[in-house]
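# Structure assessment
These are the residues of each chain, in order.
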Amino acid sequence: MINTDLLESFLAVAEEKNFTFAAARMGLTQSTVSQHIRRLEAQLGQKLFQRSTHRVALLPEGERLLPHARRILSAIGDAERALATPGVTGHLRLGVAEDFATSRLPDILRRFRRFYPGITLQIEVGLSGNLLDKFHTGCFDIVLVKTRTSTQQAMPLMADPLVWVTSPEEPDLCKQRPLPLALHPEPSVSRSMALEALTAAHIPFVITHTSLSITGLRAGVIAGLGVSVFGRHFIPDGVKIIDTLTAGLPTLSDLPFSLEYQKTKPDNQAVDALIRAIHENVALLDQHTLPLS
């Protein structure tokens, strides 16, 4: 069965005739849209697009699929509108780690809005440690964060392989000693995991670039200021995964994500609905969506 996410990406690329514009329209990264198209082509056993440096065009197989994709997605939209629950209202305050905010969150919100148009959302993106501190003072109804010290109330969400990355233009940067690092400032889960692994492996390091945002880290890595670490499902465009054996770097542990919500409001349909939407989206992540090294 064809995943509707793949059909939505196919339709966006077919209509925009550009992967960058299609990604912006869907609120996804260009690499995610490209992965969707590759998965769809693999499932169908057909190439759907002719790609070149300046243009994207439908091949005959893609032309044949296009009207079917439109009919399928239109029918699904009609069903979602018919099943939407306008009676569920409320206001939710959501704190999200930037990894999710720049990758999975747009799709979660798009699907959530279809079924729950009466719920308004207030979203803050930041470092997980800061978000958790604010959650425990009552600033958020739900937080989706990276944490290694989950409370009993936390709901494990996923464990993502943490990998080393570098600039494609600086492949030997990872062999320098001390190892130059581009990392989030404290409190950062991925930062502490990377530093602990290097210390245990007796590899000297120096932090040469810091940024609160993934955009800032990505810029530093691409510029060759240092190597960094990301969850493998959340690697930004333009960086390259490092082969740890070749580079002599330690293998990193999985990056744990969890979800916490305030339990002082029993039978909160809005909270329950958003939690379901998050779990359903995470369930779509599988080995086929992992970026290639």
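Keep in mind the model is a prediction, meaning the values are calculated, not measured. (Residues numbered from 1 in each chain as written. Predicted model: local features only at pLDDT ≥ 70, side-chain atom pairs only at ≥ 80, totals over all residues. Heavy atoms only, no water.)

So, about unusual backbone geometry. In this model, Arg 177 is joined to Pro 178 through a cis peptide bond whose omega is 0°. When you line up the elements, Pro 178 lands in the loop between strand 6 (155–166) and strand 7 (179–183). Cis geometry marks the peptide bond from Glu 186 to Pro 187; its omega dihedral reads 0°. Tracing the chain through its elements places Pro 187 in the loop between strand 7 and helix 8 (189–200). (Helix = DSSP H or I, 4+ residues; strand = E, 2+ residues; numbered from the N terminus.)

Let us look at the packing of aromatic side chains. By convention here, two paired aromatic rings are described through the distance between centres and the angle between planes. Evaluated as defined, the whole model comprises 6 aromatic pairs. Relative to Phe 257, the ring of Phe 100 lies with its centre 5.4 Å away and its plane at 65°, an arrangement referred to as edge-to-face. Here Phe 100, found in helix 5 (residues 98–101), pairs with Phe 257, found in strand 11 (residues 254–261); they are 157 residues apart in sequence, far enough to count as distant. Here Phe 100 and Phe 257 have matching classes, each one buried. Feature note: the residues Phe 10, Phe 19 and Phe 49 constitute an aromatic cluster, connected by ring pairs. (Phe/Tyr/Trp six-rings, centres within 6.5 Å; stacked < 30°, edge-to-face > 60°. Buried < 20%, exposed > 50% of the residue type's maximum accessible area, 1.4 Å probe, protein only.)

Okay, the pattern of salt bridges next. Inspection of the entire model under this criterion finds 8 salt bridges. As a salt-bridge pair, Asp 99 and Lys 146 come within 2.9 Å of each other at their nearest N and O atoms. Of this pair, Asp 99 sits in helix 5 while Lys 146 sits in strand 5 (residues 142–146), and the two are 47 residues apart along the sequence. We classify Asp 99 as buried; its relative accessible area is 5%. Residue Lys 134 pairs with Glu 124 through a salt bridge whose shortest N-O separation is 2.9 Å. Here Lys 134 is found in helix 7 (residues 128–136), whereas its partner Glu 124 is found in strand 4 (residues 119–126), with 10 residues between them in sequence. For Lys 134, a relative accessible area of 31% translates into the label partly exposed. Salt bridges sharing partners connect three or more residues here, namely Glu 41, Lys 47 and Arg 51. (Salt bridge = Lys/Arg side-chain N within 4 Å of Asp/Glu carboxyl O.)

Attention now goes to the pairing of strand 3 (residues 90–97). As paired strands, strand 3 and strand 4 are joined by 8 bridges and run parallel to one another. For Val 96, the partnering residue across the bridge sits in strand 4 and is Val 125. Bridge count between strand 3 and strand 5: 3 bridges; the pairing is parallel. The residue bridging Val 96 from the neighbouring strand is Leu 144, located in strand 5. (Pairing = 2+ DSSP bridges.)

This next bit is on the nonpolar core. Membership of the largest hydrophobic core comes to 47 residues, with the highest contact counts inside it found for Phe 100, Trp 164 and Leu 249. With 8 residues, helix 11 (residues 269–283) is the single largest residue contributor to this core. Ranked by size, the runner-up nonpolar core spans 22 residues in total, among them Leu 7, Val 13, Phe 49 and Leu 66. (Core = buried A, V, L, I, M, F, W, Y, C linked by side-chain atoms within 4.5 Å.)

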